[in-house]
Structure formats: structure tokens, C-alpha cells
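# Descriptive structure summary
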Amino acid sequence: MFYFLVVIAVLLLGYAAVLVSFVRRGKKIPPAAYLALAGLNGLILAGVLAWGISR
């Protein structure tokens, strides 16, 4: 379970870096990007809760 959280966290950081590069180039972030970001955050939150409960 811990490795799953690490993988999701790395994906989230990479995705955030892509969004920052979009902003720096002056492009608008598409609304679907916010939905994907919320989904990754939800996965991390669910994983942390499941990990905490199982301990």
C-alpha cells in the first residue's frame, strides 16, 4: 500500500509540473485538468485513510 501512495504522489508531482509549464508559457489550463488533479488528490486521500485504518 505504501508503494501505491508513493507512485500516486510522484504522478501528482509530475502532473503539477506539467500544469506549471502550461501557465509559464501563457496557455490556459483546460477545465478537465482540474478534474484530473482532484482525482489524483482523492486517490491519495483514500489511500492514506485506508492505510491509516489498516494499521
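Below or above, wherever it landed, is the structure these notes cover. (Residues numbered from 1 in each chain as written. Predicted model: local features only at pLDDT ≥ 70, side-chain atom pairs only at ≥ 80, totals over all residues. Heavy atoms only, no water.)

The next subject is a nonpolar patch on the surface. A cluster of nonpolar residues, Phe2, Tyr3, Val6, Val10 and Trp51, forms a patch on the protein surface that exposes about 540 Å² of accessible area. Among the elements that make up the nonpolar patch, the one with the highest residue count is helix α1 (residues 2-24) (four residues). Tracing the chain through its elements places Val10 in helix α1. (Patch = residues over 30% accessible without salt bridge, like charges linked within 9 Å, V, L, I, M, F, W, Y side chains within 5 Å. Areas by Shrake-Rupley, 256 points an atom, 1.4 Å probe, with all protein chains shown as cover. Salt bridge = Lys/Arg side-chain N within 4 Å of Asp/Glu carboxyl O. Helix = DSSP H or I, 4+ residues; strand = E, 2+ residues; numbered from the N terminus.)

This brings us to the environment of Val6. Its location among the elements puts Val6 in helix α1. Relative accessible area serves as the criterion here: at 36%, Val6 is assigned to the partly exposed category. Through-space distance from the C-alpha of Val6 to that of Ile44 is 9.1 Å; in sequence the pair is 38 residues apart. (Buried < 20%, exposed > 50% of the residue type's maximum accessible area, 1.4 Å probe, protein only.)

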